[in-house]
Structures are given as structure tokens and as C-alpha cells.
Amino acid sequence: MKTSFNLTTCDDDLNRFADQADFEQFMEGFDGVELMVLDDGSQTLVEPRHVVGLHMSSYYTWIDLWEGCEEGLIHEFGFLEAAEQYYGGLNRQCIVDKFKKDLVDAHTYQAAYAVFHASDVWSDESFSLRFHRTDEEVCAALAELLSAVFADEDGEVALLMENLWHPGLNFLRPEVARDLLQAVNYSNKGFMFDTGHAFHTNWDIETEEQGVAYLHTLLDGLERCGLMDALRGMHLQQSVTGEYAKGIMANPPALSFDPMERMFQNFSHAFAIDQHKPFSTPAVRSIVERVNPDYLTFEFITESRQQLADAIATQRTALGW
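Residues numbered from 1 in each chain as written. Predicted model: local features only at pLDDT ≥ 70, side-chain atom pairs only at ≥ 80, totals over all residues. Heavy atoms only, no water.

Q: How would you sum up the packing of helix H11 (residues 208-224) against helix H14 (residues 284-291)? Please name residues and give values.
A: Two measures define how a pair of helices packs: the angle their axes make with one another and the distance between the axes. Across the interface, H11 lies against H14 with an axial gap of 9 Å and an inter-helix angle of 15 degrees. If you check the angle between H11 and H14, you find them roughly parallel. Between H11 and H14 lies a crossing of left-handed hand. Judged by residue contacts, Val-212, Leu-215, His-216, Leu-219, Asp-220 and Glu-223 of H11 engage Val-284, Ser-286, Ile-287, Arg-290 and Val-291 from H14. Per-class residue counts for the contact of H11 with H14 are 6 nonpolar, 2 polar and 3 charged. (Axes fitted to C-alpha atoms, helices over the stretch in contact; angles between N-to-C directions. Helix = DSSP H or I, 4+ residues; strand = E, 2+ residues; numbered from the N terminus. Parallel < 35°, antiparallel > 145°, perpendicular 65-115°, else oblique. Left-handed = near helix turned anticlockwise from the far one by under 90°. Contact = heavy atoms within 4.5 Å. Nonpolar A, V, L, I, M, F, W, Y, C, P; charged D, E, K, R; others polar.)

Q: For the pattern of salt bridges, give the residues involved together with the corresponding values.
A: By the definition in use, this model includes 17 salt bridges. Note that Glu-136 is salt-bridged to Arg-173, the shortest N-O span being 2.6 Å. Of this pair, Glu-136 sits in helix H8 (residues 135-149) while Arg-173 sits in the loop between strand S5 (158-162) and helix H9 (174-183), placing them 37 residues apart in sequence. By relative accessible area, which is 31% here, Arg-173 ends up partly exposed. Residues joined by salt bridges that share partners form a network here, namely Asp-64, Glu-67, Asp-120 and Arg-133. (Salt bridge = Lys/Arg side-chain N within 4 Å of Asp/Glu carboxyl O. Buried < 20%, exposed > 50% of the residue type's maximum accessible area, 1.4 Å probe, protein only.)

Q: Requested: an account of the pairing of strand S4 (residues 113-117), with residues and values cited.
A: Counting buried positions along S4 yields 4 of 5 residues, so the element is predominantly enclosed. Relative to S4, strand S3 (residues 51-55) runs parallel, the two sharing 3 bridges. Looking at the pairing, Leu-54 lines up with Ala-114 of S4. With 5 bridges connecting them, S4 and S5 associate as parallel partners. Note on S5: the bridge partner recorded for Val-115 is Leu-160. (Pairing = 2+ DSSP bridges.)

Q: Talk me through the pairing of S5; I want residue IDs and the actual numbers.
A: Summarising burial for S5: 5 of the 5 residues are buried, a large majority. Residues Ala-158, Leu-160 and Glu-162 point to one face of S5 and Leu-159 and Met-161 to the other, with burial holding for every one of them. Bridge analysis of S5 against strand S6 (residues 189-194) gives 4 bridges, and the strand direction is parallel. Looking at the pairing, Leu-159 lines up with Lys-189 of S6. A crossover connection joins S5 to the parallel S6 through H9; in handedness this β-α-β unit is right-handed. (Right-handed = clockwise from strand over helix to strand, strands pointing away.)

Q: Give a detailed account of the environment of Gln-43, specifying residues and quantitative values.
A: Here Gln-43 shows up in the loop between strand S2 (32-36) and S3. Given a relative accessible area of 15%, Gln-43 falls into the buried group. Leave out the neighbours within four places in its chain, and Gln-43 touches Thr-9, Leu-14 and Tyr-109. Within the structure, the side chain of Gln-43 is placed 2.8 Å from the backbone nitrogen of Leu-45, a separation counted as a polar contact. (Polar contact = N/O pair within 3.5 Å; in protein donor to acceptor, adjacent residues only side chain to side chain.)

Q: Before we move on, could you go through the packing of aromatic side chains and cite the residues and values that matter?
A: What the rule picks out here adds up to 22 aromatic pairs. Within the aromatic cluster, the residues linked to one another by ring pairs are Phe-5, Phe-17, Phe-23, Phe-26, Phe-30, Phe-298, Phe-300 and Trp-321. (Phe/Tyr/Trp six-rings, centres within 6.5 Å; stacked < 30°, edge-to-face > 60°.)

Q: Now, about unusual backbone geometry: what can you tell me, with residues and values included?
A: The phi torsion at Leu-129 lies on the positive side, around 60 degrees, for a residue other than glycine. Among the structural elements, Leu-129 can be located in the loop between helix H7 (123-128) and H8. Unusually for a residue other than glycine, Phe-171 sits at a positive phi of about 65 degrees. By secondary structure assignment, the location of Phe-171 is in the loop between S5 and H9. By relative accessible area, which is 2% here, Phe-171 ends up buried.

Q: Tell me about the layout of surface pockets, and please be specific about residues and values.
A: Computed from the structure, the second largest pocket encloses a volume of approximately 210 Å³. If you go around the second largest pocket, the residues you meet are Phe-271, Gln-275, His-276, Lys-277, Pro-278, Phe-300, Ile-301, Thr-302, Glu-303, Gln-307 and Ala-311. For the lining of the second largest pocket, the class distribution of residues is 5 nonpolar, 4 polar and 2 charged. (1 Å grid on protein atoms, 1.4 Å probe; cavity = no way out; pocket = protein on both sides within 12 Å on 5 of 7 lines; lining within 4 Å. Points joined across faces, edges and corners; volume = space filled by probe spheres on them.)

Q: Explain a nonpolar patch on the surface residue by residue, including any values.
A: Together, Met-260, Met-263, Phe-267, Phe-271 and Ile-301 make up an exposed nonpolar region whose accessible area comes to about 510 Å². You can call Phe-271 partly exposed: its relative accessible area is 46%. (Patch = residues over 30% accessible without salt bridge, like charges linked within 9 Å, V, L, I, M, F, W, Y side chains within 5 Å. Areas by Shrake-Rupley, 256 points an atom, 1.4 Å probe, with all protein chains shown as cover.)

Q: Any details on the sheet that holds S2? Residues and values, ideally.
A: The parallel closed barrel is built from 8 strands, whose spatial order is S1-S2-S3-S4-S5-S6-S7-S8. On average, each strand axis in the sheet is tilted by 30 degrees relative to the strand beside it, whichever way the strands run. The strands touched by helix H15 (residues 305-319) within the sheet are strand S1 (2-8), strand S7 (231-236) and strand S8 (295-298), with S8 carrying the most contacts at an inclination of about 130 degrees.

In short, shape yes, function no, at least from these values alone.
Below is the structure:
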């Protein structure tokens, strides 16, 4: 099992380290980082030898563009020009090209795997959690998209599809995950099991321990469906935010059609639900031991080097490392 922590190429992350020697000292105990490239990649701190995997970019909603549904695009963006600005175009190829650029980065950094967020949701649905698409509909489109994105790949980089709590891959019904895995036309594929995202499919979770018990329930279903070996990676993080989610579902806000304001509302809401905190309960050891992934990533949202160090230390202690 290779271990890593998440890192982006934005200055807020990279400036936490004085130089490469300082960065490598901070990485002690890990095999490397799971990297997300958020700029032109011109940074010099992180080299391929430091990278275990790469987190691909994502669109929270993309199927309306993929299927040419102008009504859906207008519902989400207000007018087509805003949608065009968001996607960089109004055709399928602009989405495929964006994700193919991620694969270029994956090869540049010699990443063993690339992580893809396997979901689709409108902004208003992310607050109400009442969805207009089914898991099956989203997964059918996902299979088309990912087959196109990986069409020219030789299998060197593993595709790991990540669960969220929106329509698509959420592991609530294992047969949907099984069918998605089979439908993607690529040989080197599997799942990235995000423990915090799984928490958000059950808003009644009130403690980490309850969350761990719930994760085992989800794993029971995946095991019955023969999918445990497909869980090749794990994002280990938690956030117990059911109280917030229930409150926002009962009284969802009015969303702005100003693109920047709407983006702020979306990000603020996403971070309020999905806080990416470390596990502190030793019960989490049972999840890591049961899944036994090839790749284990400590995936946290932090505001400073010290916060990141503290989060790593907390989760290492919980795991008994």
C-alpha cells in the first residue's frame, strides 16, 4: 500500500514549504503526494518522484452539455454564454479535451493513477438534495465520457472513479457501481473510495464511530457484489455534517445568476458539507484493513502548514502509525 497526502500546485499550498528539501522532509512517512494541477504546471517544487497519483479536474455538472440539452444549461447558468464561459465551449469535445489535459499532466508527473469525480448535480439540487437524474442515467453518461477521454491511453495510468453523494457513483446500490465499471471501455480501472463522501449519503451520522459502522455497511454491499478488489484507492477523511445538511435542505437559499457569486455559494456550501477532517477514532483502522487499498491518501482541507501537519498527526495516531 502506497500512502500519500493531497497537494495542489497553487501558491497557497506550495508556499508552505521553504524549498524542496523542506518539502521532502515534510513528506517523511509517505510515499509521495496525490497532486492536483491547478495552473500551467510551471512550479519546480514537486517532481515526478514525489507523485503517487493525480487528481483530475472536475465539473460539478456537465451532462447537459454532453447531451446538448440547452434547457438544462439555461436552468443552471441562466444563459448559454455563461455556460460557454464555464466549459470553454458548447460541445462535447471541449470537455473531453479538458480531461485529456489532466492525463497529459498524469504522464508528466508519472502518476500511477488518475482520480475522476463520478457524479453530476445542478447547483440548486446540491442544496435541496432532490435530484432530477438517476444514478443509472449519470453513470451511462459517465461511461461514454470516460471511454472517450481514455480512448488513446495504453493502460499505464489507472483510472480510479471516485464516489460522491450526488447522482452517479455513490455506492448506495452496488450493482450501479458494478455496471459503471463494466461499461467504461478502459482496461486499467477501479474505484477511489472516499470515506467522507460516503458519510454524506447518510445524514443521520452523528459521530465518527457511527460513520465507520456505516462504511462497513456500504462495504458489505460491495463485497456481496464482488467489488472489493475494485476499491484500489482510498481517500481517508471525514466530516460529520448531517445537522448542517438537514438545515440547508429544509431551507435552501436563492442562488445568484451572477457567475462569481454563484460559484462562491457553491464552494461555500460544498466546504460546509465536505470538510475533509482527519479521523480521530481508532475504529477507522478496521476500514483501512478491510479495504486494504493499493493507494491510501490522507485528503484534508487545511489553511496552513501547521493545520496540515496536525491533521496528518491526528489521523496517523488513529491508525496506530
